[in-house]
Amino acid sequence: MPAPRRRAQLIEVARSLFAEKGLDATSIEEIAAVAGVSKPVVYEHFGAKERLYTAVVEIESAALLKAITGSLAEAAPARVLLERAALALLSYIEQHAQGFRILVRDAPPSDPSGRYSTILGEVTRRVTHLLASEFGQRGYAERDAALYAQMLVGMVATTGQWWLDARTQDTVAGTATAPAKDEVAAHIVNLAWNGLTGLSQEPGLRVRG
């Protein structure tokens with residue numbers, strides 16, 4: 001197998017094992033066995049298990065950051081941007097469940113602060129900028145934008161983790177109780193946009209995921 005394809009295969013195998021068992025509980029022997037290669041082949045491509053883990057995290061981090069920041073790149077009303085961001089995170093979770101589980105569980109040894117925290121920090125900074133502009137137009141204190149951005153991003157991120165767990169439980173139990181992606185996004189926007197005192201009884205989105 002050509003080196004690039006072998007490297008991609010090892011990353012795919014490692015992603016699955018790291019998502020299931022975590023960094024510490026996954027061994028090079030397991031990765032090699034599932035990939036159908038010898039341990040030296042894994043070491044040849046990555047040098048150590050931690051470097052392979054870091055490679056997986058870097059790929060997933062880039063995909064998640066691109067999805068969320070891309071949803072905020074095009075100018076739109078504030079509510080639409082909120083909907084896009086919520087849908088972007090939920091879509092990533094839907095399509096990259098293993099990668100998301102890795103990001104929120106174990107930080108790579110080379111980055112003890114955690115890539116997921118770094119991603120959320122970058123998204124929060126972008127949301128702060130957007131909210132500051134919105135606050136200024138509405139006559140609110142722009143200095144409060146950072147606080148509200150932190151709350152919004154935190155709410156979406158925490159809900160995303162809950163949704164992944166609910167979907168995983170459904171898979172194990174063979175049920176379908178977890179709400180659909182658009183439904184989750186609609187409820188996030190409902191609370192964030194309307195507040196508890198103005199909740200809509202039938203929340204919906206203006207955009208679709």
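In this text, all values refer to a predicted model and were calculated from it rather than measured experimentally. (Residues numbered from 1 in each chain as written. Predicted model: local features only at pLDDT ≥ 70, side-chain atom pairs only at ≥ 80, totals over all residues. Heavy atoms only, no water.)

Brief notes about the layout of surface pockets
Of the pockets and cavities examined, the largest pocket occupies roughly 780 Å³. Lining the largest pocket are 31 residues, with Ala 78, Leu 82, Leu 131, Leu 152 and Trp 193 sitting closest to its centre. Element by element, the count of residues in the lining of the largest pocket is highest for helix α7 (residues 115-138), at 10 residues. What the second largest pocket holds in volume is close to 200 Å³. Taken together, Ser 16, Ala 19, Glu 20, Ala 97, Gln 98, Arg 101, Leu 164, Arg 167, Thr 168 and Thr 171 make up the lining of the second largest pocket. Of all the elements in the fold, those that place two or more residues in the lining of the second largest pocket are α1 (3-21), α6 (97-105) and α8 (145-173). (1 Å grid on protein atoms, 1.4 Å probe; cavity = no way out; pocket = protein on both sides within 12 Å on 5 of 7 lines; lining within 4 Å. Points joined across faces, edges and corners; volume = space filled by probe spheres on them. Helix = DSSP H or I, 4+ residues; strand = E, 2+ residues; numbered from the N terminus.)

Focus on the UniProt feature "domain: HTH tetR-type" (unreviewed entry) in the protein
When the UniProt feature table is mapped onto this chain numbering, "domain: HTH tetR-type" (unreviewed entry) sits at residues 4-64. Counting secondary structure, residues 4-64 comes out at 82% helix and 0% strand; the distance between its end C-alpha atoms is 23 Å. (UniProt positions renumbered as here; feature names shortened; annotations may be inferred.)

With respect to the packing of helix α5 (residues 78-95) against α8
Following both chains from N to C, one finds α5 and α8 inclined at 30°, their axes separated by 10 Å at the closest point. In terms of orientation, α5 lies roughly parallel with respect to α8. Seen from above, α5 lies across α8 with right-handed handedness. Residues Leu 82, Ala 86, Leu 89, Leu 90, Ile 93 and Glu 94 of α5 lie in contact with α8, whose contacting residues are Leu 152, Val 156, Ala 157, Gly 160, Trp 163, Leu 164 and Arg 167. In the contact of α5 with α8, the residues fall into 10 nonpolar, one polar and two charged. (Axes fitted to C-alpha atoms, helices over the stretch in contact; angles between N-to-C directions. Parallel < 35°, antiparallel > 145°, perpendicular 65-115°, else oblique. Left-handed = near helix turned anticlockwise from the far one by under 90°. Contact = heavy atoms within 4.5 Å. Nonpolar A, V, L, I, M, F, W, Y, C, P; charged D, E, K, R; others polar.)

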